[in-house]
Amino acid sequence: ELIYKGEAKQKLPTKSFLGIRSGYELGNGLGKYSNYIKKAKFLGTESLGICEKNTLAGALSFQKECKKNDIKSIIGMTIPIQGESCIYDAKVYAKNFQGWLALLRFNTELNVNEQKSIGLDLISYYKKDIYFIADPKSMPYEEFYHLFDFYQLDTVKFLDEEKDIEFLNNLEKFIKSDIEPISITDSFYLEQEDFQTREFVWVFLKKFDDGTDNQYFKSKTQYAKELIKLFEKSDTSWVKLFKEAVKNENELVEGCNFIYDTDTRHLPKYKMNEEELKEFDSNEKLFLHLIKLGLKSKGLKIEDYVDRLKEEIKVLKQGDVIDYFLSQYDVMKF
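My aim in this report is to walk through the structure given alongside it, one point at a time.

1. Description of the layout of surface pockets
- Put simply, the largest pocket is a space of about 730 Å³.
- Contributing to the lining of the largest pocket are 30 residues, with Leu 171, Ile 175, Lys 229, Leu 230 and Phe 231 lying nearest its centre.
- For the lining of the largest pocket, the secondary structure elements donating two or more residues are α5 (161-176) and α8 (237-255).
- Of all the elements, α5 adds the most residues to the lining of the largest pocket, at eight residues.
- There is about 480 Å³ of room inside the second largest pocket.
- What lines the second largest pocket is a set of 23 residues, among which Arg 21, Asn 28, Lys 53, Asp 89 and Asp 209 lie closest to the centre.

2. Concerning a positive patch on the surface
- Together, Lys 11, Lys 157, Lys 225 and Lys 229 line one region of the surface with positive charge.
- Relative to the helices and strands, Lys 225 resides in helix α7 (residues 220-228).
- On the basis of relative accessible area, Lys 225 is assigned to the exposed category, the value being 54%.

3. Overview of α7
- Buried within α7 we find Lys 220, Thr 221, Tyr 223, Ala 224, Glu 226 and Leu 227.
- In this fold, the buried residues of α7 make contact with β1 (16-20) and α8.

4. Quick word on empty space enclosed by the protein
- The full count for this structure, using the stated rule, is one cavity of 30 Å³ or more.
- As for the largest cavity, its lining consists of Phe 17, Leu 18, Gly 19, Ser 183, Ile 184, Thr 185, Lys 218, Ser 219, Lys 220 and Tyr 223.
- Elements that contribute at least two residues to the lining of the largest cavity include exactly β1 and α7.
- The element contributing the most residues to the lining of the largest cavity is β1, with three residues.
- Tallied by class, the residues present in the lining of the largest cavity amount to four nonpolar, four polar and two charged.

What counts and what doesn't
- Residues numbered from 1 in each chain as written.
- Predicted model: local features only at pLDDT ≥ 70, side-chain atom pairs only at ≥ 80, totals over all residues.
- Heavy atoms only, no water.
- 1 Å grid on protein atoms, 1.4 Å probe; cavity = no way out; pocket = protein on both sides within 12 Å on 5 of 7 lines; lining within 4 Å.
- Points joined across faces, edges and corners; volume = space filled by probe spheres on them.
- Helix = DSSP H or I, 4+ residues; strand = E, 2+ residues; numbered from the N terminus.
- Patch = residues over 30% accessible without salt bridge, like charges linked within 9 Å, V, L, I, M, F, W, Y side chains within 5 Å.
- Areas by Shrake-Rupley, 256 points an atom, 1.4 Å probe, with all protein chains shown as cover.
- Salt bridge = Lys/Arg side-chain N within 4 Å of Asp/Glu carboxyl O.
- Lys, Arg positive; Asp, Glu negative; His and termini not counted.
- Charge placed at Lys NZ, Arg CZ, Asp CG, Glu CD.
- Buried < 20%, exposed > 50% of the residue type's maximum accessible area, 1.4 Å probe, protein only.
- Contact = heavy atoms within 4.5 Å.
- Nonpolar A, V, L, I, M, F, W, Y, C, P; charged D, E, K, R; others polar.

Written as structure tokens, this is what we have:
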């Protein structure tokens, strides 16, 4: 009951965290945004980002929770990319409204058009409006392409030793290159001990991912401690790498300023055709006419329904949704 009460004691500030993969990533991620935000407030985190794989289902809920708690929300997603030799994961974050449209397009390709991956040509088309992050956990160093802004400097530990060695060898190539890192770690669960719950979900669904025991919401202090373990004791080059990765994370946070407008109505206006324009001087009069026609077609007397009709029409006018009903009528007629 006392978890996340007060303030965390930490040597390094945790101003942002960009790797949330909550329960909206069905069958793989765990946890509610509200709990992530409780921990964020405990750590003094000012910005949070989501990157659930192949889904934007939680985007508006996430933004709402962040706004309610004075935290900057950053909308992203993890997507499969078609490389030259394999399909690998990458992260994309929306810089602005056009970046949001890019995410929607990727989402459509994957979930509506049922594409298995996103081509680099599509990434290139939207590039100036998104941050594009390479993930060494699945992407071979040899596949790195100039479209990427950074590579994900991750400190994940895979429970399968062969997989872990493969990842570390690949990550080493990125670290030794001149490609810039960014401090993003995936959080499929809130606290480290929750990793077993994720594995239970896999067993229940008979769907398995690579097992880990440290893909949780880490403070920068915890992240730094894990990063140190990747280097020899006498090797202090991790310090420069850490600072560079955090600097690039701050750049991404400052560069992502998309907020979905929830205060403006976006319902389309109904445009009358030429015949309707000759007969009616407003959409409302057309609407009332169609109601009368509908009643007559059913053999009903308007007088028997007039009180109820007045009440219904009053509500629809107050809600400013007459155009919506006319549009639906037009679709059904078609």
